[in-house]
Amino acid sequence: MASTICWRLARRRVLPIVAGVGVILAGGFARAADDTSTENETIEVAHVRLLSEHGSTRAARYATANKIVTLGGKTHVAWLDSVSNTMVATYDHASGEWGPAVHVGSGTDNHGGPALTCDGQGHLHLIFGPHGDAPFQHCRSARPNDATEWVELEGFGHHATYPSAVYDGEDTLHVIYRGGPTRRHPYKLLYQRKPKDGPWSDPRPLVEAPPAWKGYTHYHASIAISPQGTLHVAYDVYFDGAAKRAGHVTSRDRGRTWTLADGTPLDLPVGTESDAFFARTDAAFKVLNCVCDSHDRPWIALGDARTGAGPTVYHHDGQSWQSFCPGKRTSPEIAVGELGYECSITVDRRDGIYVATTLGTTTTGGVHGRVVLLYSNDDGRRFRCVRVFPADPQLPHTGLSLERSAGQHLVDAPWLLFSTGEKGPDCFGRGIYHRVHAVQFRTVLGAPSAPR
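Residues numbered from 1 in each chain as written. Predicted model: local features only at pLDDT ≥ 70, side-chain atom pairs only at ≥ 80, totals over all residues. Heavy atoms only, no water.

Undergrad: Got a sec to walk through the overall build of the protein chain? Specific residues and values, please.
TA: Broken down by element type, the protein chain carries zero helices and 31 strands. When each of the 452 residues of the protein chain is scored for burial, the buried share is 59%. Considering only contacts in the protein chain between residues 6 or more positions apart, those separated by 24 or more positions represent 58%. Carbon together with sulfur atoms contributes 49% to the accessible area of the protein chain, which is approximately 17,000 Å² in total. (Helix = DSSP H or I, 4+ residues; strand = E, 2+ residues; numbered from the N terminus. Buried < 20%, exposed > 50% of the residue type's maximum accessible area, 1.4 Å probe, protein only. Contact = heavy atoms within 4.5 Å. Areas by Shrake-Rupley, 256 points an atom, 1.4 Å probe, with all protein chains shown as cover.)

Undergrad: Please set out the sheet that holds strand β20 (residues 277–280) residue by residue, giving values where relevant.
TA: Reading across from one edge, β17-β18-β19-β20 is the order of the four strands in this open sheet, with antiparallel pairing throughout. The two strands at the open ends of the sheet, each matched to only one other strand, are β17 (221–225) and β20. On average, adjacent strands in this sheet sit at an angle of 15 degrees to one another, irrespective of strand direction. (Pairing = 2+ DSSP bridges. Axes fitted to C-alpha atoms, helices over the stretch in contact; angles between N-to-C directions.)

Undergrad: Which residues make up empty space enclosed by the protein, and what values go with them?
TA: Considering all chains together, one arrives at three cavities of 30 Å³ or more under this definition. Considering only enclosed or pocket space, the largest cavity measures out at about 60 Å³ in volume. Taken together, 10 residues make up the lining of the largest cavity; nearest its centre are Ile225, Val291, Cys292, Arg404 and Ser405. Contributing elements (two or more residues each) for the lining of the largest cavity: β17, β21 (285–292) and β25 (344–347). If one sorts the elements of the lining of the largest cavity by residue count, β21 sits on top with three residues. (1 Å grid on protein atoms, 1.4 Å probe; cavity = no way out; pocket = protein on both sides within 12 Å on 5 of 7 lines; lining within 4 Å. Points joined across faces, edges and corners; volume = space filled by probe spheres on them.)

Undergrad: For unusual backbone geometry, give the residues involved together with the corresponding values.
TA: Here the residue pair serine 82 and valine 83 is connected by a cis peptide bond, since its omega of -5 degrees sits within 30 degrees of zero. Note that valine 83 resides in the loop between β5 (74–81) and β6 (85–92). Looking along the chain, the bond that leaves histidine 185 and enters proline 186 is cis, with omega of 5 degrees. In this fold, proline 186 is placed in the loop between β14 (173–179) and β15 (188–194). Positive phi outside glycine occurs at histidine 159, with the angle close to 45 degrees. Inspection of the secondary structure puts histidine 159 in the loop between β12 (146–156) and β13 (161–167). The partly exposed category is assigned to histidine 159, whose relative accessible area is 23%. With phi around 65 degrees, aspartate 379 is a residue other than glycine that occupies positive phi space. Its location among the elements puts aspartate 379 in the loop between β27 (366–376) and β28 (384–389). Looking at aspartate 379, the relative accessible area reads 29%, which means it is partly exposed.

Undergrad: I'd like to hear about the pattern of salt bridges, residue by residue, with values.
TA: Taken as a whole and assessed by the stated rule, the structure comprises 13 salt bridges. Arginine 143 is the salt-bridge partner of aspartate 146, the closest N and O atoms lying 3.1 Å from each other. Judged by relative accessible area, which is 35%, arginine 143 ranks as partly exposed. Each of the salt bridges in this network shares a partner with another, and the network as a whole consists of Arg143, Asp146 and Glu149. (Salt bridge = Lys/Arg side-chain N within 4 Å of Asp/Glu carboxyl O.)

Undergrad: Which residues make up the side chain of threonine 312, and what values do they have?
TA: Locating threonine 312 in the fold gives a position in strand β23 (residues 311–316). The exposure class of threonine 312 is buried, given its relative accessible area of 7%. Leaving out residues up to four positions away in the same chain, threonine 312 has contacts with Ile300, Ala301, Leu302, Asp304, Ser323 and Phe324.

Undergrad: Go over the packing of aromatic side chains, please, and point to the residues and values.
TA: One pass over the full model with this rule turns up 16 aromatic pairs. Centre to centre, the rings of phenylalanine 136 and phenylalanine 156 are 5.4 Å apart; their planes meet at 50 degrees, and the pair counts as tilted. Here the residue phenylalanine 136 occupies a position in strand β11 (residues 136–143), and phenylalanine 156 occupies one in strand β12, the gap between them amounting to 20 residues. For phenylalanine 136, a relative accessible area of 2% translates into the label buried. Chaining the aromatic ring pairs together yields one cluster made of Phe136, Phe156, Tyr177 and Trp200. The cationic tip of arginine 329 hangs over the ring face of phenylalanine 324; the distance from NZ or CZ to the ring centre is 4.0 Å. (Phe/Tyr/Trp six-rings, centres within 6.5 Å; stacked < 30°, edge-to-face > 60°. Lys NZ or Arg CZ within 6 Å of the ring centre and 35° of its normal.)

Undergrad: Lay out the confidence of the model for the protein chain in plain terms, naming residues and giving numbers.
TA: Low pLDDT marks regions whose predicted coordinates should not be analysed in detail. Here the protein chain shows a mean pLDDT of 89. Residues at 70 or above account for 89%. Residue range residues 1–37 is modelled with pLDDT below 50. Its contacts to residues more than four positions away, or to other chains, number 99 contacts. (pLDDT = per-residue confidence, 0-100.)

Undergrad: Lay out the sheet that holds β14 with the relevant residues and their values.
TA: Pairing is antiparallel across the open sheet formed by four strands, whose spatial order is β13-β14-β15-β16. Both outer strands of the open sheet, β13 and β16 (204–207), are each paired with one neighbouring strand and no more. With strand direction ignored, the average angle separating the axes of adjacent strands in the sheet is 30 degrees. Looking at chain direction, β15 and β16 are connected through three bridges and run antiparallel.

This is the structure:
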């Protein structure tokens, strides 16, 4: 049963870089009655915050999971402090002030990063902790829209790692993760749901590696929910030393049955030869995250090593899968090889598309270069490049994670989370600390920001 834990406020040194301005709107998925054309809108940086100087070596990594929730005039941001301490800090838009960082709980190692979402009553939910050695820890804020005190709920998951979670309009919590019945590879991509006031469902495999494969297996997998309540899961299958297949499955009945994007029924779990893969290659890539627009269309970001041009965006237009490199749709066009491998994608309440990425030289654990935001308000046909954060002279930036809509809250102009620091030699990185940054964007009228 539930018990109160982890309400102690853990104070960290935090330094505002730019004064906070603007208010992020939050609410249901319905569009505002006074929505107008976005043709003359652009995006700029409103506020940057150094959340921590004690970040884990994977402080903001695993962007397949949402880590930022804006609700009722507050923005809550979750990350890992060293080595595996799940932290949350809250920005109050009315006062322009950040509250102190709160230590919610600790996991096994730097693979225990949090997934953050919220229910219909405004309670925040964090899922975090294990690296294949235990069930997930599941904590709920003691009060709606308040991250200062937390309640521990029943743990769940089989030998779990890498959660991604959303709530739907009926207050059912949906979670995907890598796991299995025993602590040994090959793992599968599992799905569980918890109805309001009901028990967790049994883990259900969605995706699996080839039957002959018995070694290390990983799934970079992200779950999203559309305004219509459709669940979308994007994933890759990492086996035999690389991920070379990326796929998508969807459920229009709250996780009971699963289909292809066009509605074709599927037998689960899908294998690597299934039609449930929109991309196959001989080179390595990674699914970074998935979001949905107001028309129930999925948008999926892949770090794609094939092109040398950084991230590729895949989306389903209702008929078929389409793909493009946002750098090639930016004016001026971003040169091949200049965009970093890592990125994060989100869609706002009016279907503006945002891709956070880096410009510079890719290295182990990140990119030596600047952080930028690519923004499109015309369904991805053209992007504008917005400067976000300068290059560090010695350390790479990594772990870019944009705020996304998650069933009970809505993104207007999003926030971005990332960290700066060395990768570290192992799953712990003791003695190596990342600086963890949060960035607020705002929508403005007028000409685009200065070229990069």
